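Chain by chain, the residues:
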Amino acid sequence: MVEKLGCTGPCGDVVEFGCGYGTFTLPAARAVTGRVFALDIEPELVAATTRKAREAGLANVTGVVRDFLADGCGLPDGSAGYAILFNILHVEDPVSLLREARRVLAPGGTAGVIHWRTDVETPRGPPLPIRPTADRCRTWGEAAGLEFVRTESLCCCSWHWGLVLRRPG
Ligand SMILES: C[S@@+](CC[C@H](N)C(=O)[O-])C[C@H]1O[C@@H](n2cnc3c(N)ncnc32)[C@H](O)[C@@H]1O
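Residues numbered from 1 in each chain as written. Predicted model: local features only at pLDDT ≥ 70, side-chain atom pairs only at ≥ 80, totals over all residues. Heavy atoms only, no water.

**A short note on the site of the ligand**
- Every one of the 16 residues lining the ligand counts as a neighbour, but G18, D40, D67, F86 and N87 are closest to it.
- In the model, a nitrogen atom of the ligand is placed 2.8 Å from a nitrogen or oxygen of the D67 side chain.
- Take F86: an N or O atom from its main chain is 2.9 Å from a nitrogen atom of the ligand.
- Coverage of the ligand by the protein chains reaches 77% of its 600 Å² of free accessible surface.
- Residues that form the shell around the ligand fall into these classes: eight nonpolar, four polar and four charged. (Near = heavy atom within 4 Å. Polar contact = N/O pair within 3.5 Å; in protein donor to acceptor, adjacent residues only side chain to side chain. Areas by Shrake-Rupley, 256 points an atom, 1.4 Å probe, with all protein chains shown as cover. Nonpolar A, V, L, I, M, F, W, Y, C, P; charged D, E, K, R; others polar.)

**Points about the packing of helix α4 (residues 94-104) against helix α5 (residues 134-143)**
- The geometry of α4 relative to α5 is characterised by a closest axis approach of 8 Å and an angle of 55 degrees between their N-to-C directions. Of the possible angle classes, the one that applies to α4 and α5 is oblique. Every pair of crossing elements has a handedness; the one defined by α4 and α5 is right-handed. Every residue of α5 that contacts α4 at P94, V95, L98 and R99 is listed here: C137, W140, G141 and A143.
- Its residues placed into classes, the contact of α4 with α5 shows six nonpolar, one polar and one charged. (Axes fitted to C-alpha atoms, helices over the stretch in contact; angles between N-to-C directions. Helix = DSSP H or I, 4+ residues; strand = E, 2+ residues; numbered from the N terminus. Parallel < 35°, antiparallel > 145°, perpendicular 65-115°, else oblique. Left-handed = near helix turned anticlockwise from the far one by under 90°. Contact = heavy atoms within 4.5 Å.)

**Considerations on α4**
- Burial in α4 covers these residues: P94, V95, L97, L98, E100, A101 and V104.
- Buried residues along α4 sit against β1 (14-17), α3 (68-71), β4 (80-86), β5 (105-116), α5 and β7 (160-166). (Buried < 20%, exposed > 50% of the residue type's maximum accessible area, 1.4 Å probe, protein only.)

**Structural notes on the packing of aromatic side chains**
- According to the stated counting rule, one finds two aromatic pairs in the structure shown.
- Measuring from centroid to centroid gives 5.2 Å for F17 and F68, while their planes differ by 85 degrees, and the two rings are edge-to-face. Note that F17 is positioned in strand β1 and F68 in helix α3, a separation of 51 residues in sequence.
- Accessibility expressed as a relative area gives 0% for F17, which makes it buried. (Phe/Tyr/Trp six-rings, centres within 6.5 Å; stacked < 30°, edge-to-face > 60°.)

**Quick word on the pairing of β4**
- For β4, a buried count of seven out of seven residues is recorded, marking the element as mostly surrounded by other parts of the structure.
- The parallel pair β4 and β5, bridged by α4, forms a crossover whose chirality is right-handed. (Right-handed = clockwise from strand over helix to strand, strands pointing away.)

**So, the pairing of β1**
- Both faces of β1 are covered, namely the face carrying V14 and E16 and the face carrying V15 and F17.
- Sheet analysis places β1 next to strand β2 (residues 36-40), joined by four bridges and oriented parallel. Each bridged residue has a counterpart across the sheet, and for V14 the counterpart in β2 is V36.
- Tracing the backbone out of β1, into helix α1 (residues 25-31) and back to the parallel element β2 gives a crossover that is right-handed.
- Relative to β4, β1 runs parallel, the two being bridged by three bridges. The residue of β4 that forms the bridge with E16 is I84. (Pairing = 2+ DSSP bridges.)

Keep in mind that these numbers describe shape and distance, not what the molecule does.
This is the structure:
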C-alpha cells in the first residue's frame, strides 16, 4: 500500500502524521532510503512504534511526540519528500493539516492519503458520518495548495481507498 502510493526509494524524508502503532511506519522505513519522522500525540504509541522499528533493525525511524494540529510538525519548510496522511483526515480541521503537509513538503513532494471506505462494511474505522471520501480529501487538498495526482483503488486492501496529492513544483 505504501509503495503503491509512491512512498518508495529515493522519495526523500518522510513525515508521518499520526503514526499510531506504526502499522505503516515500518513498511515506509523499509521502502525509502530517507528518514521517517513518525509523529503522534500519544507518547505510548510513539514509544511502541520506535521500539518496533528498533527491533526490526530500522535505523531511519525517528519518533516524535507532538500535537501537529496545534503546533505543526516542527520540521523545516520544504524539508520532506513525502507526507503520510493515513486514516487521519477525519480530524476537525483537515485543510489546516493538509496546509501543514504542504509547508513541510519540498516542491514536487508527495502526500499520500488513505482512509476507510464508506461504501462497504469495515471491521474498524471511525463512525461513517465523519469518514471523508477521496473526493472530499481531494477538494481539501486543493484548498490547501496541493494538486491532485491520482486515486488508487488499493486492491491489496478491501477497506481503504488511496489518494496521491503533490505540492506543485
Ligand atoms: C486513526 S489513527 C491512525 C494511525 C495510523 N496512521 C494508521 O493508519 O494505522 C490516528 C492517529 O493520529 C493521532 N493523532 C490524532 N490527532 C493528533 C494530533 N493532533 N497530533 C498528533 N497525533 C494525532 C492519534 O493519536 C492516532 O494515533
